[in-house]
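Commentary on secondary and tertiary structure
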Amino acid sequence: MDHQKIITAQQLYFSSDETKNIVFRKAQLKKLKALLIANEPALCEAIYKDFKKSTFETYATELSLVYHEIDTAVKKLARWSSRQRVATNMANFPAKSYIIPEPLGVTFIMGAWNYPYQLSLAPVVAAMAAGNTIILKPSEIPVHSSAILAKLINEHFPPDYFTVIEGGVEVTTGLLKLKFDKIFFTGSTTVGKIVYKAAAEHLTPVTLELGGKSPAFVLKDCNINRTAQRLVWAKFLNAGQTCIAPDYVLVDQSIEKEFLEALKKYIQQFYSENNFENYVQIINDKNFERLLNLIEPNKIYFGGNHNKTERYIAPTILQNVSFNDKVMQEEIFGPILPVITFTDLNKITAEVKQHPKPLSCYVFSNNTKQVEHLLHTLSFGGGAVNDAVMHISNGHLPFGGVGNSGMGNYHGEAGFKAFSHYKSILHKPFWFEANMKYAPYTSLKLKLIKKLLG
Ligand code: NAD
């Protein structure tokens, strides 16, 4: 397939201005939603083949978020895309000033494997809402999900507007050499750097949704039971293969024992041994081996069981962990939860600050002062107080990283902005001219200009 030909066709279509029409954009968004709804059983089946994930989880963590993004965009599109009036300064009197949102053009969206629909389609919704054309490359790793996305979209959308290109590193490397008007990438920090470099060659703006080690602070005055319940859900959802999963826990030493027991209780309650119905497989053998290698047997507090044929790793809690341990050297991205104790919150916070800025951070505490201090002193993409992961479900909260965990954000209006340029216009009438800016420059003009501009 000649990818440049697709880009050229999309450029041509974009220049017809059809995608800028609000009615058109809404129709495309509704069409996408109808297509997904009509094919829900097949979409769920594909995810099951890739992950052994239940229909419940596929709906809750993949499709519902995309539907919600579509509904919000359809409802708010007219307002988001309308020109915004802003004040005009005295030097330009009389005039009006406004900002016109405009689509960027041909966009390239690259998805990650862990939530193949949501991570590919939520940016697509934003790109569509903003009036762009789209080339989507889902991750090649979940083969069935990638294939069904390509089939559905390529059968129902014209390629000069929206097309899916499947493929791995080679295909992506080729695509990244071409010129796009926007690249939206979700994936690892390592590949994020490759994408950023390639984009720089064409001065293409990028959004990078990357990963990192997201900490969860568990302070001594939290509700231990509720904290454990929420953390177990957040960590072992999708078998820990979630970019905003709490990567590790920092718990006040005085409550460690009670907290560990509560974690164990909820793991037993949610996931009985070898229960594949409510639990997800590790995506492939490579990740299965990588994860097993992170489990130091003498540090297992609970779990550790695994089954290679099923690519199953039980929810695993590690205790007596320190920042020097193997499991703390990379993003875990699997069902292993290291628990580190602390006695001095300031010291442990200083330690966290020495590491790259994470995508998320969670604080569990009833102590407002300490919560506020942590939110103030730590830099991270986004997060939650007394909960974990759920902030992603609130479309009013822009979602994205900072530093090593990414740049830019999306969801709701933030997504629309990520795929738009805001054109600033000063609009003057002809009937008045102050003549102050023109030569000859007199001392009176200087006085007046100092007053106006000073
Ligand atoms: P990845 O970086 O390996 O792959 C992401 C995309 O990049 C895929 O489409 C893949 O085909 C492509 N790719 C891989 N290697 C490439 C190369 N050398 N050159 C060009 N393209 C290449 O990431 P992944 O394994 O799919 O996902 C896991 C990572 O993504 C984790 O770090 C996780 O935290 C992060 N992530 C972040 C978010 C977020 O929203 N911020 C969401 C999910 C995952």
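Residues numbered from 1 in each chain as written. Predicted model: local features only at pLDDT ≥ 70, side-chain atom pairs only at ≥ 80, totals over all residues. Heavy atoms only, no water.

**Topic: the overall build of the protein**
Applied cut-off: In DSSP terms, a helix is any run of H or I states spanning at least four residues, a strand is any run of E spanning at least two, and both are numbered starting from the N terminus. Type-normalised accessible area, obtained with a 1.4 Å probe on protein chains alone, sets the label of each residue: buried when under 20%, exposed when over 50%, and partly exposed for intermediate values. The contact criterion used is simple: two residues touch if any of their non-hydrogen atoms lie within 4.5 Å. Using a 1.4 Å probe, accessible areas were evaluated by the Shrake-Rupley method; residue-level cover was limited to the displayed protein chains.
Looking only at helices and strands, the protein has 15 helices and 18 strands in total. Put simply, the protein has 454 residues, and 52% of those count as buried. Taking as baseline every contact in the protein between residues at least 6 positions apart, the subset at least 24 positions apart corresponds to 72%. Just so you have it, the protein exposes about 21000 Å², and 55% of that area is on carbon and sulfur atoms.

**Examining the domain arrangement of the protein**
Filter applied, for reference: An automatic or database domain assignment provides the domain bounds reported here. Two parts lose some accessible area (1.4 Å probe) when they are put together, and adding that loss for both gives the buried area.
Domain boundaries assigned for the protein yield domain 1 (3-210 + 404-423) and domain 2 (215-396). Domain 1 and domain 2 are separated by 30 Å when their C-alpha centres are compared. Between domain 1 and domain 2, the residue contacts involve 22 residues of the former and 24 residues of the latter. Summed over both sides, the interface between domain 1 and domain 2 buries roughly 1800 Å², with carbon and sulfur atoms accounting for 54% of that surface. Three residues, Lys-52, Trp-113 and Tyr-115, lead the burial of domain 1 against domain 2; their summed loss comes to 28% of the area buried on that side.

**So, the pattern of salt bridges**
The line we're drawing: Any carboxyl oxygen of Asp or Glu that lies within 4 Å of a side-chain nitrogen of Lys or Arg is treated as forming a salt bridge with it.
One pass over the structure, following the stated rule, counts 13 salt bridges. The salt bridge involving Asp-71 is made with Lys-33; its shortest N-O contact spans 2.9 Å. With Asp-71 in helix H4 (residues 55-81) and Lys-33 in helix H2 (residues 22-38), the pair connects residues that are 38 residues apart, well separated along the chain. Looking at Asp-71, the relative accessible area reads 37%, which means it is partly exposed. Among the ionic pairs, Lys-137 bridges to Glu-140, the shortest N-O distance being 3.5 Å. Take Glu-140: its relative accessible area is 31%, and that puts it in the partly exposed class.

**Some details on helix H12 (residues 345-353)**
What counts is decided by this rule: The directions considered for the arc run from the helix axis to the C-beta atoms. Pairs of N or O atoms within 3.5 Å make up the polar contacts considered here, provided that, within protein, one atom can donate a hydrogen while the other can accept it, and that residues adjacent in sequence are counted only when both atoms are side-chain atoms.
What H12 keeps buried is the set Leu-345, Ile-348, Thr-349 and Val-352. Buried residues along H12 cover an arc of 100° about the axis, so they all sit on one side. Exposed residues pointing more than 90 degrees away from the buried face of H12 are listed as Asn-346 and Lys-347. Looking at the buried residues of H12, the elements they touch are strand S8 (215-218), strand S9 (248-252), strand S14 (336-342) and helix H13 (368-377). Regarding H12, its N-cap is Asp-344, as a side-chain oxygen of that residue lies 2.9 Å from the backbone nitrogen of Asn-346 further along.

**Quick word on the site of the ligand**
Operational definition: Being near a molecule or strand, for a residue, comes down to having at least one heavy atom within 4 Å of it. Gly is placed with the polar residues, together with every amino acid not listed as nonpolar (Ala, Val, Leu, Ile, Met, Phe, Trp, Tyr, Cys and Pro) or charged (Asp, Glu, Lys and Arg).
Close to the ligand lie 25 residues; Trp-113, Glu-140, Ser-188, Leu-210 and Glu-331 are nearest. In this structure, an oxygen atom belonging to the ligand sits 2.9 Å away from a main-chain N or O atom of Gly-111. The backbone of Gly-187 places a nitrogen or oxygen atom 3.1 Å from an oxygen atom of the ligand. Protein burial of the ligand: of its 840 Å² of free accessible surface, 89% is covered by the chains. Residue assignment for the shell around the ligand shows that the elements contributing at least two residues are helix H7 (169-176), strand S6 (182-186) and helix H8 (189-202). Taken together, the residues of the shell around the ligand sort by class into 13 nonpolar, eight polar and four charged. Summarising the domain contributions, the shell around the ligand has at least three residues from each of domain 1 (3-210 + 404-423) and domain 2 (215-396).

**Topic: the packing of aromatic side chains**
Under the convention used in this document: Only the six-membered ring of Trp is used, alongside the rings of Phe and Tyr, when aromatic pairs are assigned; centres must lie within 6.5 Å, and planes under 30 degrees apart are stacked while those over 60 apart are edge-to-face, with the rest tilted. As a reminder, the over-ring test applies to NZ of lysine and CZ of arginine, requiring each to be within 6 Å of the ring centre and within 35 degrees of the ring normal.
Overall, the coordinates contain 20 aromatic pairs when judged by the stated rule. Taking the centre distance of 4.7 Å and the plane angle of 65° together, the rings of Phe-184 and Tyr-410 count as edge-to-face. Of the two residues, Phe-184 is situated in strand S6 and Tyr-410 in the loop between strand S17 (406-407) and helix H14 (412-418); the sequence distance between them amounts to 226 residues. Relative accessible area serves as the criterion here: at 0%, Phe-184 is assigned to the buried category. Accessibility expressed as a relative area gives 1% for Tyr-410, which makes it buried. Aromatic rings pair up to connect Tyr-13, Phe-24, Phe-157, Tyr-161 and Phe-162 into one cluster. Lying across the ring of Phe-157, Lys-31 places its NZ or CZ 4.4 Å from the centre. We note Lys-182 situated over the ring of Phe-419; from NZ or CZ to the ring centre the distance is 5.7 Å.

**Some words on the sheet that holds strand S1 (residues 84-86)**
Working definition: the strands of a sheet are paired by backbone hydrogen bonds and lie parallel or antiparallel to each other. As a reminder of what qualifies: When DSSP locates at least two bridges between a pair of strands, those strands are taken to pair. Note on definitions: angles span 0 to 180 degrees between N-to-C directions of axes, and those axes are lines fitted to C-alpha atoms, for helices only across the stretch in contact.
Within the open sheet, the three strands sit side by side as S1-S2-S18. Their pairing is antiparallel. Each having just a single partner strand, S1 and strand S18 (420-427) make up the two edges of the open sheet. Put simply, the sheet's adjacent strands are angled 30° from each other on average, direction ignored. Pairing between strand S2 (residues 96-103) and S18: eight bridges, direction antiparallel. When the sheet's bridge partners are listed, Ile-99 is paired in S18 with Ser-424.

**Digging into unusual backbone geometry**
Following Phe-93, the chain continues to Pro-94 via a peptide bond in cis, the omega torsion being -5°. A cis geometry characterises the amide bond from Ala-439 onward to Pro-440, with omega recorded as 0°. If you trace the backbone, Pro-440 turns up in the loop between S18 and helix H15 (443-453). Here the phi dihedral of Asn-238 falls at roughly 60°; this positive angle occurs in a residue that is not glycine. With respect to the helices and strands, Asn-238 occurs in the loop between helix H9 (224-236) and S9. We note that Arg-311 has phi near 45°; this positive angle belongs to a residue other than glycine. Look at Arg-311 and you get buried, because its relative accessible area is 19%.

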